[in-house]
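Structural characterization, general
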Amino acid sequence: QVQVVESGGGLVQPGGSLRLSCAVSGITFSTYVMSWYRQAPGKERELVAFIGSISVNTNYADSVKGRFTISRDNAKNTVYLQMNSLKPEDTAVYYCYAWRSGDNAWGQGTQVTVSS
């Protein structure tokens, strides 16, 4: 059974940093493209960043470029999202998503709140 579990969310002041983690089990992690999405209240879920199966390819939403960094550790079946220079508009539930052709899985989400 596939399990995708996010952690690391919380309350942080503007300009602060957080590191989200996503631990995955039940799949061959290294063969999956991993992504972070977020959904703010009243808005649609949006892609924040993704990373290819061997970490060569990464891509970011324009709104987070230069501030967020996605990485993965295939030995630990974990993907990370380092978030720096956080802004109030980064407030959302952040979801981890695992994908490969024919299969995918979502985590339950972790709340990130940026507020003074």
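In this report, the structure presented in the accompanying data block is examined. (Residues numbered from 1 in each chain as written. Predicted model: local features only at pLDDT ≥ 70, side-chain atom pairs only at ≥ 80, totals over all residues. Heavy atoms only, no water.)

Remarks on the state of the cysteines
Put simply, the rule reads: Count a disulfide wherever a pair of cysteine sulfur atoms falls within 2.5 Å. Strands here are runs of E lasting at least two residues and helices are runs of H or I lasting at least four, both read from the DSSP assignment and numbered beginning at the N terminus. Residue exposure (1.4 Å probe, protein chains only): buried if accessible area is under 20% of the type maximum, exposed if over 50%, otherwise partly exposed.
Counted by the stated rule, this structure contains one disulfide. Disulfide partner of C22: C96, at an S-S distance of 2.1 Å. Sign of the S-S torsion, about -85° for the bond between C22 and C96, identifies this disulfide as left-handed. Taken as a pair, C22 in strand β3 (residues 18–25) and C96 in strand β9 (residues 92–100) lie far apart in primary sequence, 74 residues in all. Of the residues examined, C96 reaches a relative accessible area of 0% and is grouped as buried.

With respect to the pairing of strand β5 (residues 46–51)
How we decide: We call two strands paired when DSSP finds no fewer than two bridges between them.
As paired strands, strand β4 (residues 33–39) and β5 are joined by five bridges and run antiparallel to one another. The residue bridging W36 from the neighbouring strand is A49, located in β5. The hairpin formed by β4 and β5 contains six residues between the paired strands, and G42 there has a positive phi angle of roughly 80°. The sheet contact formed by β5 and strand β6 (residues 58–60) spans three bridges and is antiparallel. Within β6, the position partnered with A49 by the bridge is Y60. Linking two consecutive strands that pair antiparallel, namely β5 and β6, is a turn of six residues; a positive phi of about 70° is found at S55 within it.

Topic: the packing of aromatic side chains
The condition that has to hold: Aromatic rings from Phe, Tyr and Trp, taking only the six-membered ring of Trp, are treated as a pair when their centres fall within 6.5 Å; an angle between ring planes under 30 degrees marks them as stacked, one over 60 as edge-to-face, and anything in between as tilted.
This structure, assessed with the given rule, holds four aromatic pairs. On the numbers, 5.9 Å between centres and 90° between planes, the contact of Y37 with Y97 is edge-to-face. You can see Y37 sitting in strand β4 and its partner Y97 sitting in strand β9, a full 60 residues away along the chain. Of the residues examined, Y97 reaches a relative accessible area of 13% and is grouped as buried. Here Y95 and W106 contribute two aromatic rings whose centre-to-centre distance is 6.4 Å and whose plane-to-plane angle is 90°, an arrangement assigned as edge-to-face. Taken together, the positions of Y95 in strand β9 and W106 in strand β10 (residues 103–106) put the pair 11 residues apart, joining distant regions of the chain.

Details of the nonpolar core
One broad rule of soluble globular proteins: the nonpolar side chains tend to lie buried together. Heads up, the rule is: As used here, the term nonpolar core means buried Ala, Val, Leu, Ile, Met, Phe, Trp, Tyr and Cys residues forming a set that is joined through side-chain atoms within 4.5 Å. Any two residues having at least one pair of non-hydrogen atoms within 4.5 Å are treated as being in contact.
Residues M34, W36, V79, L81, M83 and Y94 are the most contacted members of the largest nonpolar core, which totals 31 residues. Those elements giving two or more residues to this core turn out to be β3, β4, β5, β7 (68–73), β8 (78–83), β9 and β11 (110–114). Beyond its immediate sequence surroundings of up to four residues, L81 is in contact with L18, R19, L20, W36, V48, A49, F68, T69, I70 and Y94.

Concerning the environment of L81
The residue L81 is located in strand β8 in this model. Considering only alpha carbons, one finds L81 and Q108, 27 residues apart in sequence, at a separation of 16 Å.

What about the pairing of β10?
Sheet analysis places β9 next to β10, joined by four bridges and oriented antiparallel. When the sheet's bridge partners are listed, Y97 is paired in β10 with W106. Remark: two residues form the turn of the hairpin made by β9 and β10, two consecutive strands paired antiparallel; G102 in that turn has positive phi of roughly 90°.

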